[in-house]
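The primary structure of each chain is shown beneath.
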Amino acid sequence: MNKAVLLSYIFILVFSISVISCKNTQSKKEITTDILVIGGTTSGTSAGISAARKGVKTLIVEETPWLGGMFTAQGVGACDGNHNLHSGIWNEFREKLRNHYGGADKVRTGWVSSTLFEPHIGDSIFKSMAAAEKDLEVMHGYFFENILKDGNNVKGAVFSNDKNQKLIVHAKITIDATDIGESLKTAGAGYRLGMDSKNETGEKGAPENANDIVQDLTWVAILKDYGERADKTIPQPEGYNPEVFQGCCKETVDSVKIDCQQMLEYGKMPNNKYMINWPKFGNDIYLNVIELPREEREKELQKAKDHTLCFIYFIQHELGFKHIGLADDEFDTPDKLAYKPYHREGRRLKGLSYLTFNHVENPYNQKELLYRTGISVGDYPVDHHHAKNPDAPKIGFDPVPSFNIPLGSLIPESVDGLIVSDKAISVSNLINGSTRLQPVVLLTGQAAGILAALSVIEDKQPREVLIRDVQSALLKEKAYIMPLFDIQPSDPDFEVIQKISATGILNTIGEPWGWANRTWFYPDTTITVTEFTKGLNSFNPESEIVNDNKLLTEETAVKYINRIAGQEKTGEKIYSNKPITKRELAKILDSSLDPFNKEIVFDGHYK
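Cut-offs used in this document
Residues numbered from 1 in each chain as written. Predicted model: local features only at pLDDT ≥ 70, side-chain atom pairs only at ≥ 80, totals over all residues. Heavy atoms only, no water. Pairing = 2+ DSSP bridges. Helix = DSSP H or I, 4+ residues; strand = E, 2+ residues; numbered from the N terminus. Contact = heavy atoms within 4.5 Å. Axes fitted to C-alpha atoms, helices over the stretch in contact; angles between N-to-C directions. Buried < 20%, exposed > 50% of the residue type's maximum accessible area, 1.4 Å probe, protein only. Phe/Tyr/Trp six-rings, centres within 6.5 Å; stacked < 30°, edge-to-face > 60°. Parallel < 35°, antiparallel > 145°, perpendicular 65-115°, else oblique. Left-handed = near helix turned anticlockwise from the far one by under 90°. Nonpolar A, V, L, I, M, F, W, Y, C, P; charged D, E, K, R; others polar. Polar contact = N/O pair within 3.5 Å; in protein donor to acceptor, adjacent residues only side chain to side chain. Core = buried A, V, L, I, M, F, W, Y, C linked by side-chain atoms within 4.5 Å. Domains from an automatic or database assignment.

Going by an unreviewed UniProt entry, the chain carries the name FAD dependent oxidoreductase and comes from Dysgonomonas hofstadii.

Draft legend 1. Quick look at the sheet that holds strand 15 (residues 324-326). One open sheet holds the 4 strands; their spatial order is 12-13-9-15, and the pairing between them is antiparallel. Every interior strand has two partners, whereas the edge strands, strand 12 (268-269) and strand 15, have only one. Bridging between strand 9 (residues 221-225) and strand 13 (residues 273-276) involves 4 bridges; their strand directions are antiparallel. In the strand pairing of strand 13, A221 is matched with I276. Relative to the sheet, helix 8 (residues 294-318) contacts strand 9, strand 13 and strand 15, its axis offset from that of strand 15 by approximately 160 degrees.

Draft legend 2. Representation of helix 16 (residues 582-592) in the model. For helix 16, every residue scored as buried is listed here: K582, R583, L585, A586, I588 and L589. Tucked inside the fold, the buried residues of helix 16 contact helix 13 (494-501), helix 14 (529-539) and helix 15 (554-565). Positive backbone phi, approximately 50 degrees, marks D594, located one or two places after helix 16.

Draft legend 3. Molecular detail of the packing of aromatic side chains. Under the criterion given, the structure shown has 21 aromatic pairs. Each ring, one from F71 and one from F126, has its centre 6.2 Å from the other, and the planes form 35 degrees; the classification is tilted. With F71 in the loop between strand 2 (58-62) and helix 3 (88-101) and F126 in helix 4 (residues 119-131), this pair connects stretches of sequence that are 55 residues apart. Here F71 and F126 have matching classes, each one buried. The interplanar angle of 5 degrees and the centroid separation of 4.2 Å between the aromatic rings of F93 and F126 together place this pair among those described as stacked. Of this pair, F93 sits in helix 3 while F126 sits in helix 4, and the two are 33 residues apart along the sequence.

Draft legend 4. Seen up close, the packing of helix 2 (residues 42-53) against helix 4. Two elements in contact, helix 2 and helix 4, have axes separated by 10 Å at closest approach and are oriented at 20 degrees. With respect to helix 4, the element helix 2 is oriented roughly parallel. For the element pair helix 2 and helix 4, the recorded crossing hand is left-handed. Counted together, T45, I49 and R53 of helix 2 and F126, M129 and A130 of helix 4 form the full contact between these two elements. Here the residues of the contact of helix 2 with helix 4 sort into 4 nonpolar, 1 polar and 1 charged.

Draft legend 5. Highlighting the side chain of T503. Within the fold, T503 resides in the loop between helix 13 and strand 20 (509-511). At 3.2 Å, the side chain of T503 and the backbone nitrogen of I505 are in polar contact. Residue contacts for T503: discarding those within four places in its chain leaves Y371, R372, R468, P595, F596 and Y606.

Draft legend 6. Just the packing of helix 3 against helix 4, in detail. Between helix 3 and helix 4, the shortest axis-to-axis distance is 10 Å and the interhelical angle comes to 120 degrees. As far as their axial angle goes, helix 4 and helix 3 are oblique. Relative to helix 4, the crossing made by helix 3 is right-handed. Contacts from I89, E92, F93, K96, L97, H100 and Y101 in helix 3 reach I121, G122, I125, F126 and M129 in helix 4. Its residues assigned to classes, the contact of helix 3 with helix 4 comprises 8 nonpolar, 2 polar and 2 charged.

Draft legend 7. Region of the structure containing the nonpolar core. Ranked by internal contacts, the top residues of the largest apolar core, which has 106 residues, are I35, I175, V470, L506, F532, L585 and L589. Counting contributing residues, this core receives three or more from each of domain 1 (28-183 + 345-477) and domain 3 (493-597). The contacts of L589, once residues within four sequence positions are left out, are I500, I505, L506, F532, L536, I561, D594 and P595. Listed in part, the 48 residues of the second largest apolar core include A221, M263, W278 and F321.

Draft legend 8. Local environment of unusual backbone geometry. Look at D459: it is not a glycine, yet its phi comes out positive at around 55 degrees. Structurally, the position occupied by D459 is in the loop between helix 11 (438-458) and helix 12 (467-476). For D459, a relative accessible area of 71% puts it in the exposed group. The phi dihedral of D594 falls on the positive side, at around 50 degrees, and the residue is not glycine. Position of D594 relative to the elements: it lies in the segment after helix 16. Of the residues examined, D594 reaches a relative accessible area of 32% and is grouped as partly exposed.

Right, here's the structure in full:
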């Protein structure tokens, strides 16, 4: 080889290395922020907005082009529960929906929910809410790959896109807002997966033995009525078997036989659209994909897409609804299906608190008084989908009242710098059937955002932020910390009654009520001296319990409050000797004793 040729080869080699090096540099982007939210899901969107409203720099990284998760990118534009819990960002979002469509009646289009909407409208609302926050940035098109850690402290995450470009985000606090808890394994956070045993949780409805079975998932489709003369029948999918769906119009819901038209109208949306998210003989499917690597998971999830397309073909071809076809103005996907599957369950964090069915069913008689630490509320019954897995054991769907989720369920047992929201919070498999619903998850995200913001502002780990500070911030935003049916944010005493009921001095009464469970404060009722002194004793164990079934008066109430406060009745004010209502009692407790601001720990006991 002569010298000229050799020099040419060297030049080409050096040039190639330079180009490769340049490409590698261009394919990696690094960002530093205060708060990173992994996933613009239902809770991720509310967490990002909530954190930014506290003036803290926040970044949401979302794989799909949309914001809102279950509500939008996953196509579940039918709100399950919380119709009478007008709480925080959930109520804000719902009011924007109602304003868009022209009133509450305009979104009561299907019988599964009181609030149904087109997914793309939900996305546009969430995006407008996010765009209004100057401290919030949203990046689309990147999926989670790995966690950044410094010892035991999460410091951000690494993302990739379909072009194999990397996004590295350094953050003081990271929120895992993914449906299935994608970061928990790489973060080193403990988690549960599948059904818990009755021996572990003490739940009467749990199975005898633990297993790795999660709920059925669904790849949702939105269909649209194109007019009776239209034929929108899709090509027959490969592997189509009509026998799989034969029972879809023969089910009984709440003792009512469902025909095919009613099956479609289950999820009817405005503008003659239909959410196809039908269990049992519909498009639910069992796929245990949670622990699979991303590429394998995506391949397995194709089965869910194919199953939904088969169900659509059955609706069109076998049931005769050929004029109802895939909506052409919702998802910009090749098959017009939702951007992502609707996971009902994934990994569940092992957190500082562990909410079980028992805490919801009977909150006052548990070792842990988790109700005192509540940060989001729900009223949906325990709802599990296991019809597509013959190996799933039968579990109990016992009735529950409305409930709240404890702050400690968002915080890992030992890992710092990480907050968890969405469905991956620390709850039992059984009660996940209630805590997984969209309005609850949206509110949990709001709390996660506030917790993250306070962590940054106060330069503390999430576990070090005072529970009452998070709750107080939520109350200022008209978000419930107790699931009270009969005290709405418009009530002038909303905040006071929320605070006092969260101390346990004045008990609430829970009531299972169909598909919208309730918890009552009964502000205009009276209580006995015994009831009141028992409540004071739960707050201060040194306070005596007096066995007296007379109705409590204002004068007697003040006497017992003053004993705890360490003060005697002073001044010329004369207190009434007539029975006092719980509303007035709550106000006296708040002004004279201020029990809400006595510090509590994550098990709900006072410090």
